[in-house]
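Each chain, letter by letter, is given below.
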Amino acid sequence: MYRPDRRRTLQFLAAAGITPALEAAAASPASATAMRISRYELIPVQVPWHERVREMAILNWRRENMDVPHSRLTVVKLYTDEGLMGVGLGGNHNLLKSMIGRSPWEYFFNDRIGGVQTAIYDLLGKATGLPVCRLISSTPKKRILQAYWSLSYPPDMIAAEAKRAASLGYRVHKVKIRVWEDPVAQAQAIFAAVPRDYRVWGDPNHCWGSVARTLHFATKLAEIPGYFGLESPLRSTEEYRQLKGRVPLRLSEHWGLVDPMIAAREGLLDAHITASP
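The rules behind each value
- Sequence order as written defines the numbering, with residues in each chain counted from 1.
- Local features in a predicted model are, by the rule used here, given only for residues with pLDDT of at least 70; side-chain atom pairs are given and counted only at 80 or more, and totals for whole chains, interfaces and linings are based on all residues.
- Hydrogen atoms and water are omitted, and side-chain values are computed over all heavy atoms in the structure.
- Each helix is a run of H or I in the DSSP string that is no shorter than four residues. Each strand is a run of E no shorter than two, and both are numbered from the N terminus.
- What makes two residues a contact is simply this: any of their non-hydrogen atoms within 4.5 Å.
- Nitrogen and oxygen atoms within 3.5 Å of one another constitute a polar contact, given that in protein one can donate a hydrogen and the other can accept it, and given that sequence-neighbouring residues count only through two side-chain atoms.
- Lines fitted to C-alpha atoms define the axes, with helix axes restricted to the stretch in contact, and inter-axis angles between N-to-C directions lie between 0 and 180 degrees.
- Angular relationships are summarised with four words: roughly parallel below 35 degrees, roughly antiparallel beyond 145, roughly perpendicular across 65 to 115, and oblique for the angles in between.
- Each helix crossing is assigned a hand: it is left-handed if the near helix lies turned anticlockwise from the far helix by less than a right angle, otherwise right-handed if that turn is clockwise.
- All residues other than Ala, Val, Leu, Ile, Met, Phe, Trp, Tyr, Cys, Pro, Asp, Glu, Lys and Arg, Gly among them, are scored as polar; the first ten of these are nonpolar and the last four charged.
- Only strands joined by at least two bridges in the DSSP assignment are considered to pair.
- Here is how to tell: hold the view so the strands point away, follow the path from the first strand over the helix to the second, and if it runs clockwise the crossover is right-handed.
- Two rings from Phe, Tyr or Trp (for Trp, the six-membered ring) form a pair when their centres sit within 6.5 Å of each other. Planes less than 30 degrees apart are called stacked, planes more than 60 degrees apart edge-to-face, and all others tilted.
- Sitting over a ring, as applied to charges here, requires NZ of Lys or CZ of Arg to be within 6 Å of the ring centre and within 35 degrees of the ring normal.
- Residues grouped as a nonpolar core are buried Ala, Val, Leu, Ile, Met, Phe, Trp, Tyr and Cys residues, joined through side-chain atoms within 4.5 Å.
- Between buried and exposed lies partly exposed: a residue is buried under 20% and exposed over 50% of the maximum accessible area for its type, with that area taken using a 1.4 Å probe on protein chains only.

## A closer look at the environment of Ala-193
Its location among the elements puts Ala-193 in the loop between helix 9 (183-191) and strand 6 (199-203). Separated by 27 residues in the primary sequence, Ala-193 and Ala-166 place their C-alpha atoms 9.2 Å from one another. Contacts of Ala-193, omitting those with residues within four sequence positions, involve Ala-159 and Lys-163.

## What about the side chain of Thr-128?
Tracing the chain through its elements places Thr-128 in helix 6 (residues 116-128). Looking at Thr-128, its side chain comes within polar contact range of the main-chain nitrogen of Leu-130, at 3.4 Å.

## What to know about the packing of helix 1 (residues 6-16) against helix 2 (residues 19-26)
One can describe the packing of helix 1 onto helix 2 by two numbers: an axis separation of 8 Å at closest approach and a directional angle of 160 degrees. Here helix 2 runs roughly antiparallel to helix 1, going by the angle between their axes. Helix-helix and strand crossings are classified by hand; for helix 1 and helix 2 the assignment is left-handed. Contacts from Arg-6, Leu-10, Leu-13 and Ala-14 in helix 1 reach Ala-21, Leu-22, Ala-25 and Ala-26 in helix 2. The class makeup of the residues in the contact of helix 1 with helix 2 is seven nonpolar, no polar and one charged.

## Description of the pairing of strand 8 (residues 250-254)
Bridging between strand 7 (residues 227-231) and strand 8 involves three bridges; their strand directions are parallel. Its bridge partner lying in strand 8, Glu-231 is registered against Ser-252. Following the backbone out of strand 7, through helix 11 (residues 237-243) and into the adjacent parallel strand 8, one traces a crossover that is right-handed. Regarding the hand of the β-α-β motif, the stretch spanning strand 8, helix 12 (residues 260-266) and strand 9 (residues 271-273) is right-handed.

## Some thoughts on the packing of helix 9 against helix 10 (residues 211-222)
Running from N to C, helix 9 and helix 10 cross one another at 15 degrees; their axes reach a closest spacing of 10 Å. Taken together, the axes of helix 9 and helix 10 are roughly parallel relative to one another. As for how helix 9 packs across helix 10, the hand of that crossing is right-handed. Residues Pro-183, Val-184 and Ala-187 of helix 9 form the contact with helix 10, whose own contacting residues are Phe-217, Lys-220 and Leu-221. Within the contact of helix 9 with helix 10, the residues separate by chemical class into five nonpolar, no polar and one charged.

## A word on the packing of aromatic side chains
Considering all chains together, one arrives at six aromatic pairs under this definition. Through a chain of ring-to-ring contacts, the aromatic side chains of Trp-105, Phe-108, Phe-109 and Tyr-121 assemble into a single cluster. In this structure, Arg-39 is placed above the aromatic ring of Tyr-79, and the distance from its NZ or CZ to the ring centre is 3.7 Å. A cation over an aromatic ring shows up here: Arg-199 above the ring of Phe-228, its NZ or CZ 4.6 Å from the ring centre.

## Quick look at the nonpolar core
One finds Ile-190, Tyr-198, Leu-221, Tyr-227 and Leu-230 to be the most contacted residues of the largest nonpolar core, which totals 42 residues. Put simply, the parts of the chain that give this core at least two residues each are helix 4 (54-62), helix 8 (155-167), helix 9, helix 10, strand 7 and helix 11. Tyr-227 has contacts with Ile-177, Ala-187, Phe-191, Val-200, Gly-202, Leu-221 and Leu-249, leaving out every residue within four places of it along the chain. In terms of nonpolar packing, the next biggest core, distinct from the first, is built from 25 residues, Ile-18, Leu-78, Ile-113 and Ala-119 among them.

## A look at the sheet that holds strand 5 (residues 172-176)
Ordered in space as 4-5-6-7-8-9, the six strands form an open sheet in which the pairing is parallel. Where the open sheet ends on each side, the last strands, each with one partner, are strand 4 (148-150) and strand 9. Neighbouring strand axes in the sheet, compared pairwise and without regard to direction, differ in orientation by 25 degrees on average. In the packing of helix 9 onto the sheet, contacts are made with strand 5, strand 6 and strand 7, and the angle to strand 6 comes to roughly 160 degrees.

Below is the structure:
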């Protein structure tokens, strides 16, 4: 039966070119590099919407023909034969059964396992005694901005959510844009309620439907100080080509809808949304 050992783990990391992780593994006890995944737990959870937004949140989803009375998530716990436990989101029994007996180091940078990768990173951080950022980069960023998130609420309600976010220390707010609310009115309400350093990122999820409508709304939103970007305004490479250079906002798209190499060569996007649990 296959069994991980220190030599194999270090060889794998060296071949993969993951230098910070290789250095961390080499400096760790043998148990950190020879451990195996021994078992797992899958824990389905249902997180209800907070009462302050519950009614409007459920209505948002029903307008998109979905019944979402709460957020459905699956928590995954991975255990090793060294007594460590890592926590993440997602996964299924077929995937997790295939990981039993394997080294968690094998799944470093393996995006195919989805949110289970979070549990892998949790395990490796605990095994090495290092924050995960130190396994990925020798010079990690000192600060990562976390964003507040909202569905498409009426202006007064979205302004109250933004004010709450600002009071909690958030300075970036991702707001869903939908056809049943005016994004300009939403933005104006938000910025009347928050500090001057607050910023908003809008996410139409392709609801505008055309380059012309995207230009109409994006131009108006760009006039509002603090509104800095749009996620998924369009669907195709050709549409983003038509938009290039015409909108003074940062643009992003989900990985796969626009060829990332074309987007990079032609300067069509400023960022890609790469994954979710």
